[in-house]
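What follows is each chain in one-letter form.
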4 protein chains.
Amino acid sequence: MEKLKIVTIGGGSSYTPELVEGFIKRYHELPVTELWLVDIEEGKEKLEIVGNLAKRMVEAAGIPMKVFLSLDRKEALKDADFVTTQLRVGQLQARILDERIPLSHGIIGQETNGAGGMFKAFRTIPVILDIVEDMKKLCPEAWLINFTNPAGMVTEAVLRYGSFHKVVGLCNVPVGMKKTMAKQLEVSDEEVDMKIVGLNHHFFMTDVFVNGKSRMKDVLEKYEHMNEEDQTEMKNIMVIPWSKELIRGLQAIPCPYLSYYFFTKEQLEHQMELFQKNNVRAEFVKGVEDELFSLYQEESLHEKPKQLEQRGGAFYSDAACNLISSIYNNKGDIQYVNTVNKGALTNFPVDTVVEIASKITKDGPVPLSAGEIPVALQGTITTIKTFERMVCEAAVTGNKDLAIAALTLNPLVPSDKIAVEVFRDLLEAHKAYLPQFKEEMNS
Amino acid sequence: MEKLKIVTIGGGSSYTPELVEGFIKRYHELPVTELWLVDIEEGKEKLEIVGNLAKRMVEAAGIPMKVFLSLDRKEALKDADFVTTQLRVGQLQARILDERIPLSHGIIGQETNGAGGMFKAFRTIPVILDIVEDMKKLCPEAWLINFTNPAGMVTEAVLRYGSFHKVVGLCNVPVGMKKTMAKQLEVSDEEVDMKIVGLNHHFFMTDVFVNGKSRMKDVLEKYEHMNEEDQTEMKNIMVIPWSKELIRGLQAIPCPYLSYYFFTKEQLEHQMELFQKNNVRAEFVKGVEDELFSLYQEESLHEKPKQLEQRGGAFYSDAACNLISSIYNNKGDIQYVNTVNKGALTNFPVDTVVEIASKITKDGPVPLSAGEIPVALQGTITTIKTFERMVCEAAVTGNKDLAIAALTLNPLVPSDKIAVEVFRDLLEAHKAYLPQFKEEMNS
Amino acid sequence: MEKLKIVTIGGGSSYTPELVEGFIKRYHELPVTELWLVDIEEGKEKLEIVGNLAKRMVEAAGIPMKVFLSLDRKEALKDADFVTTQLRVGQLQARILDERIPLSHGIIGQETNGAGGMFKAFRTIPVILDIVEDMKKLCPEAWLINFTNPAGMVTEAVLRYGSFHKVVGLCNVPVGMKKTMAKQLEVSDEEVDMKIVGLNHHFFMTDVFVNGKSRMKDVLEKYEHMNEEDQTEMKNIMVIPWSKELIRGLQAIPCPYLSYYFFTKEQLEHQMELFQKNNVRAEFVKGVEDELFSLYQEESLHEKPKQLEQRGGAFYSDAACNLISSIYNNKGDIQYVNTVNKGALTNFPVDTVVEIASKITKDGPVPLSAGEIPVALQGTITTIKTFERMVCEAAVTGNKDLAIAALTLNPLVPSDKIAVEVFRDLLEAHKAYLPQFKEEMNS
Amino acid sequence: MEKLKIVTIGGGSSYTPELVEGFIKRYHELPVTELWLVDIEEGKEKLEIVGNLAKRMVEAAGIPMKVFLSLDRKEALKDADFVTTQLRVGQLQARILDERIPLSHGIIGQETNGAGGMFKAFRTIPVILDIVEDMKKLCPEAWLINFTNPAGMVTEAVLRYGSFHKVVGLCNVPVGMKKTMAKQLEVSDEEVDMKIVGLNHHFFMTDVFVNGKSRMKDVLEKYEHMNEEDQTEMKNIMVIPWSKELIRGLQAIPCPYLSYYFFTKEQLEHQMELFQKNNVRAEFVKGVEDELFSLYQEESLHEKPKQLEQRGGAFYSDAACNLISSIYNNKGDIQYVNTVNKGALTNFPVDTVVEIASKITKDGPVPLSAGEIPVALQGTITTIKTFERMVCEAAVTGNKDLAIAALTLNPLVPSDKIAVEVFRDLLEAHKAYLPQFKEEMNS
């Protein structure tokens, strides 16, 4: 039996059981011989809890996949075939600050958008670039499957500053949207393909196909009479239905995260309520996670518990297993990934990362030509790409001016003055994880 | 003496004396034989007041330029060499609504930006396209010099929907910025050239030259220690100084109008105060104009009164005369105009209108190659271009969905819901001027 | 059983038996209910011979596919699902002139390249555009599968001047090259995928994959030691081995037709010999065809005769059946087709036709992003695209100047003077088929 | 008086008197204080002859410009303000080989095109890159004004491989064409502006303006009835009139050098005649030069002799002086130079060198937006750019495969086989000047 070694950085994550389930389910086509779950010292306890559950799951499945737990990243990476990353620098505590500090200045606090997303990027990108440096030495042929958020920026940073091309950024939002479309059109998931245009957490569906035939017209019509629940499957975003005029005007369906941009006022009001109740999303998730980990400890448990699906990141790990299998088997199927545009969106820079339908081959994802970004969508997509590019550069260089300018330009930040203030507070709060910003602010 | 006929549509405007002064000053190089001031029936009284002043000014100057007043646009346009437009559909009363109605929904109310700018475009574009149709028949060789706001969108609409290429859009903001730079660098205006990147009322200065040598470094340094008054010469925008971080982060100086985007919160608060005092900008301007017109009536006045310079549009008409003279004389000098990009900004659509340094020739403006729009500026410029394109299309087709989507996407509008509401109220308020939106809203 | 109607224009072609065999072989997945073979009055006899063979083949196969023979194109097209074109305006006699007349002026005479290719395009494009007009009325949902040469130009013309988007141009050269690669790499055809860059009859293979892994390095090495026969499977082009330096310098394998451009001198010398022996390719093919048709008449024949494979267009019809089946079944497999670039080649016009690896869906081909055309290949590919664009325009407008300029710019034509002369002679020879060039030459 | 130091590398050239005359004529606006004429040991005698004439000319003019003769390039470059290059590696003897060796293989032999142009580039580019390295250290603020051929490739190489941006490539062909146009339109040179599209020695005039008004229509009409002499002012190219069809088909006037591409057959026949008479262009020029140098030695001569105008490079040095004065004085006038495209040709790479109308400022040339390269011109211009890019890379890396592939792709080379042979012969002939190609050919 040929070696097939998979290394999961951030192996102590509550998502791991889904990942393990994914590998078990696909063992017939993806015969993983070694699964290494790696974490850092601070995560040791969680790693053991989740690692032991993983071992019980594999044993119950009766497959010869070995599960290793390790705090030694270098040892783990040696000769890996695939590396997945699901780490969280600063853990949920840091996410709580990413959400609460912006809210304390009266602006949206969110894990992957605006000021919160910027600081998650600042903490995460240097760590991922370190992993990439290790990979270049220890497993240069391996693929890096990143589903650490903000996944688009992390992928952009790896390509632009890590000079490493075997990376794919993954997100469950397109998968969720595909399921929503299947439900609306009353077909099975497998029959649906989408044309998506944009970036991670900031894309629009501009066409949808059932067995290859466009059904966009039907979808647009359905949105005329749709109630809230049917518009999305996301757990973590308050749903406010798009106006009929907006959908008709765009001739496209925005991904759920766009609610922060098109209902900024309402989302902010909702977040402020949660803020005052000390129950912002991160605080809520922390409760869920605590519960999950006590579940995971039960020796009798040897499968992924149902409760995990309520966690918010459903399908994430499944998407990762799917992608790995398609690369491994040169399947040539279509998946929605973060990869270099390369002309697929003809009026967007060729060398930048987009989230796009791609054919998955042994050589990685090959994006399908998607034509022009329609006029109506150019502005908001370019604005977020500008933000991503500036944040990536600041994450690597520690340029505070660039970071503040990026915030001022961000549509969720209504004032240069607030940008300066919220940046200072977040920097102070997270400074332990941000060595790149070591110098005094010079004004 | 060869005929040189200039036609000014909206001739009854309070700006006309500056225009007339401009022609008088340049008579040695631009020997205008006929100046036709044209207006509509409703503007007849103003036209007579301002037209008589114009005649007195010409007489006092002792030049053989004939001034004609006319309510018959077609008669006036016959065989014109240059046509300038400075009309205001619905007059200042309409502008008051453009400002007050958005404010009544808690969003910025401004003549050329956001919801107010959209409706000014909706009222103006069809009228300008009518004028263009007349020009094609009556003076197909004439140049249309548009300084009716929103000048960028009007120019875009003429090119895209009017299929008329002899049009230049003009604005006084770059001229004002050039004067500010000259003052900061302690040189004369003539020695200064700028590289500007962006759109009408939405551009950045990315370089500045004194006698051809870049002095951008000095300018960036000066901004470190600058007080409010020195940042701009604009009369109509409350100045809030940019943060030092923003300027360093952008490595560019935003044009004053960007204050609405980078200090949205503060500008809105300021406008709300004026709103409550019934003294929004349009209301204030109306007072100034009433005063100007009583001045204009004095028979003893035969020059442009000083007070006009306080009006807010200083240099507008002078810029127009300058442009006309440069085209007429094939001067080849550099002016900042709204014209088709044609690759000058290499990473921006080739066929869209930008505000850019151009060499002015008998064949019109030829933009100077300006290279790539820097990453940091791509987002906001593209966002406004998306808005402009959508507004132009809606202005011509009467597509309400497109209009509402454009508002939702606009950074000054914080919610799709508000977009729907403010659109309905403005449409109702202006419906007399908006025949293109005749159909019922379909939701 | 659902209707599935296929219409083949030029049904009397000697290729038809291969096409029929293709449909029989795929009946399980592509249950054709009606196959209409259409031809014109002049082709009636051939249509009957070949049509009767088709009927015998279907009967022998025992499938319920009905074969219709018709001279009434409109009747045939009614409600078609797929239309294939394999017509030859002026028949082989015209091709003989396309080859001999250029040779009589001392330049390459070839069916799809240079002066000969230009006149084949001139005769063919108007006929195809007529068919497209019929299709718009009679079967607007049908796909046009064109394998009439010059296939690239015909596809370009349909898209640009026919305003019809459901068209795919097909060629057997990439299929042949794929087979050659499989042989060289000692794997089966199915395991091979190629990256091709360029145009119909003018492309380069820049990468090759076996089960998704790049093997280009091995291929380039093999070319260091390769003899002539192994370089191609083409029957109609004299093989001259590329110099080792050329292959190393290009880092790409030229398609066989490029021999006319990279060995112009030698190919011309070879053609001149055949010219003097009255045995140019078209004359040779005419002999083969006569033989095939006498074979086809034998009542005992009820399968495709082996001799057809010697004809030169092997795999052509098979490729067409493959394509039709993939569209019909939304297969999503990769095929090499002529379709709109849409950014797949990032440094080539987005709106022009290229020959490229595409995913075949029910909505037609979606090209895979292929990145930049390498510097070395940009010139020759752009030169042929210029030729194609000029020829298409001249074919539609009858602009003789454009046609002559296109010839002068063509690398196979060494002089403007010869361009003028060869154009006049070919126009005179083919004038019966070229109504678009009716006006006198004006010099 | 402020220092203004100009250094001319290749100061012993026969062109120098024209350059000196140019500086004398412009002394009032360009007060050169030091003119350094630099040459290498082998050119010492010529340098003295021409240098003494220069001194006599300056003295006769009575201006305080000091002329220095030097064999020490580094000493000369110290603190230079402008550096001009007019060197010829291997002198005229090398050019004779560049012309005769290709002809001996039956292909065009020309100084700046095809195989000859390639080898001139191979000899010249490394020397120019050396000069650039010196400049970076000794006079980093100086401008390099290159008029050493092939001027386009040299400029491309300096930008791409020398990482030096203060370089302008200069050629007299556009100047000559402008004079021809002035004569045809019966106006003075100063009134004429052109729009040119393409590369050094490979451009087309697509528009021409008299005092800013397009007169292209008149020019196209004149070409209908034009005899040979009126088509060009070039001394070194046999004029064959373009066919009326070609001019009408292109809607553009090719520059004279395009005769090698559009009359390859006829130009080759003409060159073969001269080859057999041992009187190819280089041989003829050598005779002229010998004569010029004996003239230059006459002590009584203190001005540029008339005979120099017969030399073939007329206006070259004058163009250089003009350019230097416009940079020095920030004139802002339009000149035709080789500089980075930067979007001026919208459908051509932004980062490559083109020959284009540019506004000349203290910051160097700023190209004027010229729009799309018309379809008809895209192929031939891209082909030559491909050649230039490959030659530059081979000149720097010594990659022989790339060089041979570039030749095979060149329209003047009719066969890969000839490409291999002519490359070997030229390499052998010039090996003393080609250290970069030191390794054995590996086949």
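All values reported here derive from a predicted model rather than from experimental measurement.

**Brief notes about the overall build of chain A**
Here is step 1 of the chain: Summing up its helical and strand segments, chain A has 16 helices and 13 strands in all.
Here is step 2 of the chain: For 443 residues, the compact-globule estimate of 2.2 N^0.38 gives 22 Å, and the C-alpha radius of gyration of chain A, at 21 Å, lies within 12% of that figure.
Here is step 3 of the chain: Across the 443 residues of chain A, 58% fall into the buried class.
Here is step 4 of the chain: Partitioning the contacts of chain A with sequence separation of at least 6, the portion at a separation of at least 24 is 69%.

**What to know about helix 6 (residues 151-161) of chain D**
Side chains that are three or four residues apart share a direction in an α-helix, a result of its 3.6 residues per turn.
Residues and elements named next belong to chain D.
Here is step 1 of the chain: Of all 11 residues in helix 6, nine are buried; the element is thus mostly enclosed.
Here is step 2 of the chain: Taken together, the buried positions of helix 6 are occupied by Ala 151, Gly 152, Met 153, Val 154, Thr 155, Glu 156, Ala 157, Val 158 and Leu 159.
Here is step 3 of the chain: Ser 163 lies just past helix 6 and shows a positive phi near 45°.

**Regarding the UniProt feature "binding site: substrate" (unreviewed entry) in chain A**
Residues and elements named next belong to chain A.
Here is step 1 of the chain: As recorded in UniProt, the feature "binding site: substrate" (unreviewed entry) lies at Arg 95 and Asn 149. A maximum C-alpha distance of 11.3 Å among these annotated residues, which run over 55 residues, shows that they cluster at one spot.
Here is step 2 of the chain: When you line up the elements, Arg 95 lands in helix 4 (residues 91-104).
Here is step 3 of the chain: Of the residues examined, Arg 95 has 25 C-beta atoms within 10 Å and is grouped as buried.
Here is step 4 of the chain: Not counting residues within four places of it along the chain, the set of residues in contact with Arg 95 comprises Glu 111 and Ala 282.
Here is step 5 of the chain: Ignoring anything within four residues of it in the chain, the contact list for Asn 149 reads Glu 111, Thr 112 and Lys 120.

**Brief notes about the arrangement of the chains**
Here is step 1 of the chain: A gap remains between chain B and chain C, which never touch, and the nearest two C-alpha atoms on either side lie 13 Å apart.
Here is step 2 of the chain: The least C-alpha distance between chain A and chain D, which are not in contact, is 13 Å.

**Quick look at the pairing of strand 2 (residues 34-38) of chain B**
Residues and elements named next belong to chain B.
Here is step 1 of the chain: Of all five residues in strand 2, four are buried, a share of seventy percent or more.
Here is step 2 of the chain: Two strands pair when backbone bridges link them, and strand 1 (residues 5-9) and strand 2 are joined in this way by five bridges, in the parallel orientation. Its bridge partner lying in strand 2, Thr 8 is registered against Leu 37.
Here is step 3 of the chain: Regarding topology, helix 1 (residues 16-25) serves as the crossover connection from strand 1 to the parallel strand 2, and that connection is right-handed.
Here is step 4 of the chain: Two elements, strand 2 and strand 3 (residues 66-70), share five bridges in a ladder whose sense is parallel. In the strand pairing of strand 3, Glu 34 is matched with Lys 66.
Here is step 5 of the chain: Chirality of the crossover, the property in question, places the unit of strand 2, helix 2 (residues 44-61) and strand 3 among those that are right-handed.

**With respect to the relation of the copies chain C and chain D**
Relating one copy of the chain to the other takes a rotation about an axis and a shift parallel to that axis.
Here is step 1 of the chain: Placing chain C over chain D gives an RMSD of 0.0 Å and needs a rotation angle of 180°, together with 0.0 Å of translation along the axis. One copy is carried onto the other by what is essentially a two-fold rotation axis.
Here is step 2 of the chain: Most of the interface of chain C is mirrored in chain D, where 100% of its interface residues are also at the interface.

**A word on helix 4 (residues 91-104) of chain C**
Residue and element names in this part refer to chain C.
Here is step 1 of the chain: The end-to-end C-alpha separation of helix 4 is 21 Å, in line with the 20 Å expected for 14 residues at 1.5 Å each.
Here is step 2 of the chain: Within the sequence span of helix 4, burial applies to Ala 94, Arg 95, Ile 96, Asp 98, Glu 99, Ile 101, Pro 102 and Leu 103.
Here is step 3 of the chain: Where helix 4 terminates, the next one or two residues include Gly 106, which has phi positive at roughly 80°.

**Some words on the UniProt feature "site: Increases basicity of active site Tyr" (unreviewed entry) in chain A**
All names here are of chain A.
Here is step 1 of the chain: Those places that UniProt annotates as "site: Increases basicity of active site Tyr" (unreviewed entry) correspond, in this numbering, to Glu 111.
Here is step 2 of the chain: Relative to the helices and strands, Glu 111 is located in the loop between helix 4 and helix 5 (114-138).
Here is step 3 of the chain: When neighbours within four sequence positions are excluded, Glu 111 is seen to be in contact with Arg 95, Asp 98, Glu 99, Gly 116, Gly 117, Lys 120 and Asn 149.

**Some thoughts on the packing of helix 4 (residues 91-104) of chain D against helix 12 (residues 281-297) of chain D**
Residues and elements named next belong to chain D.
Here is step 1 of the chain: Two numbers describe how helix 4 lies on helix 12: the axes approach to 8 Å, and their chain directions differ by 160°. In this view, helix 4 runs roughly antiparallel relative to helix 12, as classed from their interaxial angle. Between helix 4 and helix 12, the residues in contact are Leu 92, Arg 95, Ile 96 and Glu 99 and Arg 281, Ala 282, Glu 283, Val 285, Lys 286 and Glu 289, respectively.
Here is step 2 of the chain: Of the residues in the contact of helix 4 with helix 12, the class split is four nonpolar, no polar and six charged.

**Here's the deal with the environment of Leu274(C)**
Residues and elements named next belong to chain C.
Here is step 1 of the chain: As for its placement among the helices and strands, Leu 274 is situated in helix 11 (residues 264-276).
Here is step 2 of the chain: With 19 C-beta atoms counted inside 10 Å, the residue Leu 274 sits in the partly exposed group.
Here is step 3 of the chain: Residues Leu 274 and Arg 100, 174 residues apart in the sequence, show an inter-C-alpha distance of 9.8 Å.
Here is step 4 of the chain: Once you skip the residues sitting within four places of it in the chain, Leu 274 turns out to touch Asn 279 and Val 280.

**Quick notes on the interface of chain C and chain D**
Here is step 1 of the chain: Contact residues are listed per partner, giving 39 residues for chain C and 40 residues for chain D.
Here is step 2 of the chain: Elements with a contribution of two residues or more to the side of chain C that touches chain D: helix 9 (244-250), helix 11, helix 14 (375-397), helix 15 (400-409) and helix 16 (416-430) of chain C.
Here is step 3 of the chain: Tallying contributions element by element places helix 14 of chain C first for the side of chain C that touches chain D, with 12 residues.
Here is step 4 of the chain: Within the side of chain C that touches chain D, the residues separate by chemical class into 17 nonpolar, 12 polar and 10 charged.

**Observations concerning the interface of chain B and chain A**
Here is step 1 of the chain: The interface is formed by 40 residues belonging to chain B together with 39 residues belonging to chain A.
Here is step 2 of the chain: Elements supplying a minimum of two residues to the side of chain B that touches chain A: helix 9 (244-250), helix 11 (264-276), helix 14 (375-397), helix 15 (400-409) and helix 16 (416-430) of chain B.
Here is step 3 of the chain: At 12 residues, the largest contribution of residues to the side of chain B that touches chain A is made by helix 14 of chain B.
Here is step 4 of the chain: Classifying every residue of the side of chain B that touches chain A by side-chain character gives 17 nonpolar, 12 polar and 11 charged.

**Section: the environment of His270(A)**
Here is step 1 of the chain: By secondary structure assignment, the location of His270(A) is in helix 11 (residues 264-276).
Here is step 2 of the chain: The spatial distance from the C-alpha of His270(A) to the C-alpha of Ile108(A) is 9.8 Å, given a sequence separation of 162 residues.

**Remarks on the packing of helix 4 (residues 91-104) of chain B against helix 16 of chain B**
Residue and element names in this part refer to chain B.
Here is step 1 of the chain: The contact between helix 4 and helix 16 brings their axes to 10 Å, and the two run at 160°. When the axis of helix 4 is compared with that of helix 16, the two are roughly antiparallel. Remark: the crossing between helix 4 and helix 16 carries right-handed chirality. Where helix 4 abuts helix 16, its residues Ala 94, Leu 97, Ile 101 and Pro 102 lie against Val 422, Asp 425, Leu 426, Ala 429 and His 430.
Here is step 2 of the chain: Looking at side-chain class alone, the contact of helix 4 with helix 16 contains seven nonpolar, one polar and one charged residues.

**Some words on unusual backbone geometry**
Here is step 1 of the chain: In the segment running from Asn149(A) into Pro150(A), the intervening peptide bond is cis, with an omega of -5°.
Here is step 2 of the chain: Within the element layout of this structure, Pro150(A) appears in the loop between strand 5 (143-146) and helix 6 (151-161).
Here is step 3 of the chain: Backbone geometry places Glu186(D), a non-glycine residue, at a positive phi of 55°.
Here is step 4 of the chain: Position of Glu186(D) among the secondary structure elements: in the loop between helix 7 (173-185) and strand 7 (192-199).
Here is step 5 of the chain: Glu186(D) sits in the exposed class, given 7 other C-beta atoms within 10 Å.
Here is step 6 of the chain: One non-glycine residue, Asn278(D), lies in the positive phi region at around 50°.

**Digging into the confidence of the model for chain A**
Here is step 1 of the chain: Per-residue pLDDT for chain A has a mean of 94; in total, 96% of the residues score no lower than 70.
Here is step 2 of the chain: Predicted as a complex, the structure gets a pTM of 0.87 and an ipTM equal to 0.94.

**Here we look at the pairing of strand 7 (residues 192-199) of chain C**
Here is step 1 of the chain: Across the eight residues that make up strand 7 of chain C, a large majority, eight, are buried.
Here is step 2 of the chain: Adjacent in sequence and paired antiparallel, strand 7 of chain C and strand 8 (residues 202-210) of chain C are bridged by two residues, among which His201(C) carries a positive phi angle near 60°.

**Let's talk about the environment of Lys331(B)**
Residues and elements named next belong to chain B.
Here is step 1 of the chain: Positionally, Lys 331 belongs in the loop between helix 13 (316-328) and strand 11 (334-340).
Here is step 2 of the chain: C-alpha of Lys 331 to C-alpha of Lys 359: the two residues are 28 residues apart in sequence and 8.5 Å apart in space.
Here is step 3 of the chain: Setting aside residues no more than four positions away along its own chain, Lys 331 makes contact with Ser 326 and Ile 360.

About the thresholds
- Residue positions are given per chain, counting from 1 as you read along its sequence in written order.
- In the order they appear in the text, chains get letters beginning with A and ligands get numbers beginning with 1.
- Whole-chain, interface and lining totals are the exception, using all residues; otherwise, since this is a predicted model, local features are given only for residues with pLDDT of at least 70 and side-chain atom pairs are given and counted only at 80 or more.
- The secondary structure listing takes helices from DSSP runs of H or I that are at least 4 residues long and strands from runs of E that are at least 2 residues long, numbered from the N terminus.
- Here the globule rule is a power law, 2.2 Å times the number of residues to the power 0.38, and the radius of gyration is based on C-alpha atoms.
- Residues are called buried when their C-beta atom has 20 or more other C-beta atoms within 10 Å, exposed when it has 12 or fewer, and partly exposed otherwise; all C-beta atoms are positioned from the backbone.
- Residue pairs qualify as contacts under a 7 Å threshold applied to their C-beta atoms, which are placed from the backbone.
- UniProt positions are given in the numbering used here, feature names are shortened, and annotations may be inferred rather than shown by experiment.
- Paired strands, as defined in this entry, are two strands with at least two bridges between them according to DSSP.
- Orient the strands so they point away from the viewer, and a crossover whose first-strand-to-second-strand path over the helix runs clockwise is right-handed.
- Least squares is used to superpose the copies, and the fit set is the C-alpha atoms of residues whose pLDDT is at least 70 in both copies.
- Between the first and last residue of a helix there are one fewer steps than residues, each counted as 1.5 Å, and that sum is the expected span.
- A fitted line through C-alpha atoms represents every axis, and for helices the fit uses only the stretch in contact; the resulting angles, taken between N-to-C directions, go from 0 to 180 degrees.
- Note that the term roughly parallel is reserved for angles under 35 degrees, roughly antiparallel for angles over 145, roughly perpendicular for angles of 65 to 115, and oblique for everything else.
- All amino acids are sorted into three groups, where Ala, Val, Leu, Ile, Met, Phe, Trp, Tyr, Cys and Pro are nonpolar, Asp, Glu, Lys and Arg are charged, and the leftover types, Gly among them, are polar.
- Each crossing gets its hand from how the near helix is turned against the far one by less than a right angle, where anticlockwise is left-handed and clockwise is right-handed.
- For every residue, the predictor assigns a confidence score, pLDDT, that lies between 0 and 100.

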